[in-house]
Amino acid sequence: MINKIRNENPVIHCITNHVVSNFQANGLLAIGASPIMGEAQEEVEELVAISRALSLNIGTLNKDTFNSMMLAGKRANKEKIPVILDPVGAGATAFRKEAVQKILTEIDVSVLRCNAGELAAIGGVEWASKGVDAGEGNIDLDKLAKRVAKEYSLVVAVTGKTDIVADGSRVEKITGGDRMMSSVTGMGCLLSAVTAAFTAVSPEDPTAAAIEALKFYGAAGEQAAATSEGPGSFRDTFLDVLFGMEIDDDGFDFEKGEGVDVLWQRSNRY
Amino acid sequence: MINKIRNENPVIHCITNHVVSNFQANGLLAIGASPIMGEAQEEVEELVAISRALSLNIGTLNKDTFNSMMLAGKRANKEKIPVILDPVGAGATAFRKEAVQKILTEIDVSVLRCNAGELAAIGGVEWASKGVDAGEGNIDLDKLAKRVAKEYSLVVAVTGKTDIVADGSRVEKITGGDRMMSSVTGMGCLLSAVTAAFTAVSPEDPTAAAIEALKFYGAAGEQAAATSEGPGSFRDTFLDVLFGMEIDDDGFDFEKGEGVDVLWQRSNRY
Amino acid sequence: MINKIRNENPVIHCITNHVVSNFQANGLLAIGASPIMGEAQEEVEELVAISRALSLNIGTLNKDTFNSMMLAGKRANKEKIPVILDPVGAGATAFRKEAVQKILTEIDVSVLRCNAGELAAIGGVEWASKGVDAGEGNIDLDKLAKRVAKEYSLVVAVTGKTDIVADGSRVEKITGGDRMMSSVTGMGCLLSAVTAAFTAVSPEDPTAAAIEALKFYGAAGEQAAATSEGPGSFRDTFLDVLFGMEIDDDGFDFEKGEGVDVLWQRSNRY
């Protein structure tokens, strides 16, 4: 699918928070997608109409952006393009809980990309969440993911030490990634946008798209961590890796600097 | 002009989008300018009054920031400081088209810094635009740039494979830059702010300022790309290069790390 | 205190400007704190209730975020968690001056983290400020810092060539840091958030917390500058250094890459 993204440069409309908007746009460009970030109520429907997926993120939600998300989500459903929701800190405040509830009930969401604490909040399960971080708890995540997936007819992609992708019928576990990924802000948010890009080029199977996106992302995280000195260098190396990551029969592969050669062979973006 | 910017540290008032505001501020600091980013209607006029150029960017425009831009633009005209407009995705939605139209008719803009798709939208020409990207088309850009420049009495600076700077009487073409520049978000937006800084220290000749800004920027892009592994490392290297770029009789020149020595010789910014 | 931050991962609620929000969140993660950035009036009180410090920054203030700051600040006082204020460009506009005045009179602020120009504006002293930069002047900063600290019963932490920390009874000077720190946007803003994290784990002595934060930050700046080519690479290296900085009997110390090993020994954040 990454090759399809690079060939087709799908436009991904992101209504997102200002903490990660730059990183999300850069990450989407790095994998070959074409981000568009408008959020005014006056224009979001038109933006959705020229996009191939809609990525919603409630990280710094306010009344205005919430209204824009509802308008954009409904238009996305009409246009039959996939909607990916990142319910950042869903359990932290009543405002977020209600916003997520309203989005999930009034809009057909394709993929819910979240962490364990957020999933627990959405599923109505006790969880020692900590701010917008995942937190800790002793719940059966597999079951919960499957239940939430069934309830809202969507794919649940929960990330953590082990990632879980669940739809109404199956549950897949994905390992990989690196601890460093939790020391950079927006790593989860960008993953949601990347999942939107994978789903954009594979709308007929959002489960497969989410699984592929998580594997790709985890592999990129591992490779970036291997040559990083800390979160600052990791952040940039990660964008370099996203940009240059190749997929062959053995899985994902990346060689430093090779991405530059790869780029020279692509052409339609300049 | 870059030396003038470094000596005078002109304050550049940016009303811009939240995707690129950080990159824009860092880019302006790197060339020696002094960014100020306030956008509340209550204060933009006062901010304009202490600035030497106003840089407007509609990337994540909403009703509030649009009103602020109109207030700031009118005050800038009164103060006789140059206004630079970046009409991000001008053709993508009616909201953007109308906003750009209103800015161009009610405010004296000095330089319109855009891509081909945006220029086509402003000039009322057909163009296969794609989201906020430039898109493709078969129009005579030289003619269009000259016509738009004449119509609004401003300088048009269109960037792409070949850059074009046009005012009512002449058209200049500029080559340079690197493909990598299209894989980093905000490269065009920052160029607009950099153009604002060049125009700030050369308000009597905005055409020359735009040409110099584009040459400088393209040279920096080439030098940064030469030592980058992908868009993540390019982004930082580009800021390093902006910071250390020297101009001598042979044109722009940069040696890695030399900028640090240059800085030690400047002094008034700490 | 840095070790306490790394062990306790205090949640720091930031209501801040969109230019630096990403850098601030990354900086807080790098030192081991847990940032939360929500700013809607509907939720800020709840966010404060789960946080251990509140960091306010008026860099791109508007009416809405100002109201959120007032609500959050009052709740923070009720919850007895420290409030840190960064009055970005306090002297630049009437809107900022009044906002800062209102915050300082209606909310118990623990630490006012600012530059000389901002302190002058708050203290009602003449100062040749330049946009949001510190500017220049010939005032007795020690006296002014002490007077403002007394007037509002708070700790004043002014940064510049020499940093000053003052409360009603004493004044401490801190040297260190690097000129490069003034060429990256948000370095002061992040310092305010870092001070919030230090104060969060030492609320009984905000003076000591501010002193320690400034020493830590200055040492990190020096070490990052030593291996940077310019502001782009400095910015990332600085995050790496914040992440890996150790404190021993001889003061702060950092070895490139060692931070990664340190992380492997921590564990609760992934």
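Here, residues in each chain are numbered from 1, in the same order as that chain's written sequence. Starting at A for chains and at 1 for ligands, labels are handed out in the order in which the entities are written. Only residues with pLDDT of 70 or above have their local features reported here, since the model is predicted, and side-chain atom pairs are shown and tallied only from 80 upward, although totals for entire chains, interfaces and linings are computed over all residues. Hydrogen atoms and water are omitted, and side-chain values are computed over all heavy atoms in the structure.

1. Looking at the relation of the copies chain C and chain A
The operation linking the two copies of the chain is a rotation about an axis combined with a translation along the axis.
Then, in step 1: For this overlay, a least-squares fit was computed on C-alpha atoms, restricted to residues scoring pLDDT of at least 70 in both copies. With an RMSD of 0.0 Å, the fit of chain C onto chain A corresponds to turning through 120° and sliding 0.0 Å along the axis. Such values leave the two copies arranged in the relation of a three-fold axis. Residue His 18 of chain C, judged by its C-alpha, is the member of chain C lying nearest the rotation axis, at 3.4 Å.
Then, in step 2: Whether two residues are in contact is decided by their heavy atoms: any pair within 4.5 Å suffices. Mapped onto chain A, only 6% of the interface residues of chain C are again interface residues, and the two copies thus contact each other with different surfaces.

2. Remarks on the UniProt feature "binding site: substrate" (unreviewed entry) in chain A
Residue and element names in this part refer to chain A.
Then, in step 1: UniProt positions are given in the numbering used here, feature names are shortened, and annotations may be inferred rather than shown by experiment. As recorded in UniProt, the sites labelled "binding site: substrate" (unreviewed entry) are Met 37 and Gly 186.
Then, in step 2: Secondary-structure assignment places Met 37 in the loop between β2 (34-36) and α3 (44-49).
Then, in step 3: The buried label goes to any residue with under 20% of its type's maximum accessible area, the exposed label to any with over 50%, and the partly exposed label to all in between, with areas taken from a 1.4 Å probe on protein chains only. For Met 37, a relative accessible area of 8% translates into the label buried.
Then, in step 4: Looking at where Gly 186 falls in the secondary structure, it is placed in the loop between β10 (171-174) and α8 (187-200).
Then, in step 5: Relative accessible area serves as the criterion here: at 9%, Gly 186 is assigned to the buried category.
Then, in step 6: With residues up to four places along the chain from it excluded, the contact list for Gly 186 reads Val 20 and Phe 23. To qualify as a helix, a DSSP run of H or I must reach at least 4 residues; to qualify as a strand, a run of E must reach at least 2; elements of each kind are numbered from the N terminus.

3. Digging into the interface of chain C and chain A
Then, in step 1: At the junction of the two partners, chain C supplies 36 residues and chain A supplies 37 residues.
Then, in step 2: Joining two parts hides part of their accessible area as seen by a 1.4 Å probe, and the buried area is that hidden amount summed over both. Where chain C abuts chain A, roughly 3200 Å² becomes buried across the two surfaces, and 54% of that area is made up of carbon and sulfur atoms.
Then, in step 3: The rule for a salt bridge is simple: a side-chain nitrogen of Lys or Arg has to be within 4 Å of a carboxyl oxygen of Asp or Glu. Our count for the chain C to chain A interface comes out at two salt bridges.
Then, in step 4: Residues adjacent in sequence count toward polar contacts only when both atoms are side-chain atoms; beyond that, a polar contact is any pair of N or O atoms within 3.5 Å, and within protein one must be able to donate a hydrogen and the other to accept it. Taken together, the connections running from chain C to chain A amount to 11 residue pairs in polar contact (both at pLDDT 80 or more).
Then, in step 5: Taken together, the elements giving at least two residues each to the side of chain C that touches chain A come down to α2 (21-31), β2 (34-36), α3 (44-49), α10 (231-244) and α11 (258-265) of chain C.
Then, in step 6: The element that contributes the greatest number of residues to the side of chain C that touches chain A is α2 of chain C, accounting for six residues.
Then, in step 7: Note on residue classes: Ala, Val, Leu, Ile, Met, Phe, Trp, Tyr, Cys and Pro are nonpolar, Asp, Glu, Lys and Arg are charged, and everything else, Gly too, is polar. Tallied by class, the residues present in the side of chain C that touches chain A amount to 16 nonpolar, 10 polar and 10 charged.

4. Some points on the sheet that holds strand β4 (residues 83-86) of chain C
All names here are of chain C.
Then, in step 1: Two strands qualify as a pair provided that DSSP identifies no fewer than 2 bridges between them. Pairing in this open sheet of eight strands is mixed, and the strands run β2-β1-β3-β4-β5-β8-β9-β10 from one edge to the other. Looking at which strands have only one partner, the edges of the open sheet turn out to be β2 and β10 (171-174). Pairs of neighbouring strands in the sheet enclose a mean axial angle of 20°, with direction left out of account.
Then, in step 2: Pairing of strand β8 (residues 155-159) with strand β9 (residues 163-166), which is carried by three bridges, proceeds in the antiparallel orientation. Residue Val 156 lies in a different strand from β9, and its bridge partner there is Ala 166. Each axis is a line fitted through C-alpha atoms, taken for helices only over the stretch in contact, and angles between the N-to-C directions span 0 to 180 degrees.

5. Some words on the relation of the copies chain C and chain B
Then, in step 1: Rotating chain C by 120° about the axis while translating it 0.0 Å along that axis superimposes it on chain B, leaving an RMSD of 0.0 Å.
Then, in step 2: When the interface residues of chain C are mapped onto chain B, a mere 5% of them are again interface residues, pointing to distinct binding faces.

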